[in-house]
Amino acid sequence: MKTYTITVLAGDGIGPEITREARRVLDAAARKHGFDLRYRDALLGGCAIDAVGEPLPAETVSACKSADAVLLGAVGGPKWDALPSGERPEKGLLGIRAALGLFANLRPAIVYPALRSASPLKDDILGDGLNLLVVRELTGGIYFGQRGRDNTGGVPAAYDTERYSADEIERIVRVAFSLAAKRGKRLCSVDKANVLESSRLWREIATGLAKEYPEVALSHMYVDNAAMQLVRDPGQFDTIVTSNMFGDILSDEASQITGSIGMLPSASLSSGSLGLYEPIHGSAPDLAGKDCANPVAAILSAAMLLRYSLGEDAAAGAIEKAVDTVLETGLRTHDIAMAGDRAIGTRAMGDAILHAVTV
Ligand code: NAD
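The paragraphs below set out a description of the structure included in this document. (Residues numbered from 1 in each chain as written. Predicted model: local features only at pLDDT ≥ 70, side-chain atom pairs only at ≥ 80, totals over all residues. Heavy atoms only, no water.)

Some details on the nonpolar core
Logical step 1: Of all hydrophobic cores here, the largest spans 72 residues; its most connected members are L106, V135, L306, I319 and I353.
Logical step 2: Mapping this core onto the domain boundaries places at least three of its residues in each of domain 1 (1-108 + 267-359) and domain 2 (120-258).
Logical step 3: In this structure, V111, L130, C188 and I240 belong to the second largest nonpolar core, which totals 19 residues. (Core = buried A, V, L, I, M, F, W, Y, C linked by side-chain atoms within 4.5 Å. Buried < 20%, exposed > 50% of the residue type's maximum accessible area, 1.4 Å probe, protein only. Domains from an automatic or database assignment.)

What about helix α8 (residues 223-232)?
Logical step 1: Buried within α8 are the following residues: V223, A226, Q229 and L230. The buried residues of α8 occupy an angular sector of 110° when the element is viewed end-on, so they sit on one face.
Logical step 2: Looking at the buried residues of α8, the elements they touch are β5 (130-137), β8 (186-191), β9 (217-222) and α9 (244-258). (Helix = DSSP H or I, 4+ residues; strand = E, 2+ residues; numbered from the N terminus. Arc of directions from axis to C-beta. Contact = heavy atoms within 4.5 Å.)

Considering unusual backbone geometry
Residues other than glycine predominantly adopt negative phi, and peptide bonds predominantly adopt the trans conformation.
Logical step 1: A positive phi angle is found at A284, which is not glycine, with a value near 35°.
Logical step 2: Positionally, A284 belongs in the loop between β12 (275-279) and α10 (296-308).

Focus on the environment of L306
Logical step 1: When you line up the elements, L306 lands in helix α10.
Logical step 2: L306 gets classed as buried once you look at its relative accessible area, which sits at 0%.
Logical step 3: Placed 207 residues apart in sequence, L306 and A99 show a C-alpha to C-alpha distance of 22 Å.
Logical step 4: Contact partners of L306, with chain neighbours within four places excluded, come to L26, F35, G311, E312, A315, A316 and I319.

Focus on the sheet that holds strand β3 (residues 69-74)
Logical step 1: Spatial ordering of the open sheet is given by β2-β1-β3-β12-β11-β4-β5-β10-β8-β9, a layout of 10 strands whose pairing is mixed. Looking at which strands have only one partner, the edges of the open sheet turn out to be β2 (35-41) and β9. The mean inter-strand angle of the sheet, taken between neighbouring strand axes irrespective of direction, is 25°.
Logical step 2: Relative to β12, strand β11 (residues 265-269) is paired through five bridges, and the arrangement is antiparallel. Within the sheet, the bridge partner assigned to S266 lies in β12 and is E278.
Logical step 3: Relative to the sheet, helix α1 (residues 15-33) contacts β1 (2-11), β2, β3 and β12, its axis offset from that of β2 by approximately 160°. (Pairing = 2+ DSSP bridges. Axes fitted to C-alpha atoms, helices over the stretch in contact; angles between N-to-C directions.)

Quick look at the pattern of salt bridges
Logical step 1: With the rule as written, the count across this model stands at 19 salt bridges.
Logical step 2: The partner of R347 in a salt bridge is E21, and the shortest N-O contact between them spans 2.8 Å. A residue pair is termed long-range when its members are at least 10 positions apart, and R347 in helix α12 (residues 346-358) and E21 in helix α1 qualify at 326 residues.
Logical step 3: Under the relative-accessibility criterion, R347 is labelled partly exposed at 36%. (Salt bridge = Lys/Arg side-chain N within 4 Å of Asp/Glu carboxyl O.)

A short note on the packing of α1 against α10
Logical step 1: Between α1 and α10, the least distance of the axes is 8 Å, while the angle of their chain directions is 45°. The orientation of α1 relative to α10 falls into the category oblique. Here the hand of the crossing between α1 and α10 comes out right-handed. Listed contacts from α10 to I18, E21, A22, V25 and L26 of α1 are A298, I299, A302 and L306.
Logical step 2: The class makeup of the residues in the contact of α1 with α10 is eight nonpolar, no polar and one charged. (Parallel < 35°, antiparallel > 145°, perpendicular 65-115°, else oblique. Left-handed = near helix turned anticlockwise from the far one by under 90°. Nonpolar A, V, L, I, M, F, W, Y, C, P; charged D, E, K, R; others polar.)

Fair warning: the whole summary comes from geometry, so function is off the table for now.
Pasting the structure below:
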């Protein structure tokens, strides 16, 4: 039987509770689809600071590098907020992303029919619903470019530089084309090519690559228009690809359209098959240990792990379908419950999804 190794970085706050449910659901999907999963737990974030004095121990990096995939809960919490920025839990998160060379960040934003009323958008704007994937470049651009301050003419000034090499653009746009080809076959490349030289190079490269993916329809949109179109007519988008900073903003905007932070998974991919999978929400210290966090974002992150790192598409699809089924039956954790709904806990939601995967 095929066996895969998953390193689990449960982290802090609700991280251990939600990754526990994700593991149970992963195991059920693996049993059903004929493969085996081995887990290796490693420390990241606040729990690593408490145990060994640093947020990203070297053993964690090697446990991740030698795994087939990494599942992460969340890191951080008030206990560590007073530490200097270089020693805080978030430093561990940035460190592991860099150590694994994760350059492609995938953020799906799905409005489930059963949860339409959670979206802040009006029903007629949501139309047939939303199933959008934002592919964000994660290791280049202005967040990593040259920056500094000067004092020319006695006036303090500061600058940050957006710089992209052709290679960096090509590898992220290729990822996006491949993903779009397996989805709705529409790719919208978002840039600011009317103003920025780096965007003009981005657009040239995306246009050039389109010939290699004839099954995908490529369009281009300026970022200001994209921000507007996302709330005016989100259904027009299938897959969006964009730079680090534009993607940071647009993926948060897209996630808000779904109205439920506890439902949204993400994946960060490297040039090989290794990827890191995590919910987009944080460690929700207010909910930790209370069995009331929504485990769905972690469970859907596990489904992405199966699809993108292990190539177990059928098992991934079974988990996604199970989540759909459970929502259709009306089960809700408190964050997605509407007036009159009786909310269930983290474990009960995990049980329901696990059951739906098994039947
Ligand atoms: P958060 O996402 O943890 O919480 C925001 C709100 O959403 C809270 O009201 C919380 O109760 C709720 N929420 C989050 N996840 C939920 C879930 N699964 N089910 C139900 N409700 C949920 O963001 P925050 O409060 O800004 O940050 C808390 C801590 O998490 C901070 O230390 C922050 O640095 C850290 N953080 C970590 C990550 C990460 O690990 N990737 C991301 C964001 C924030």
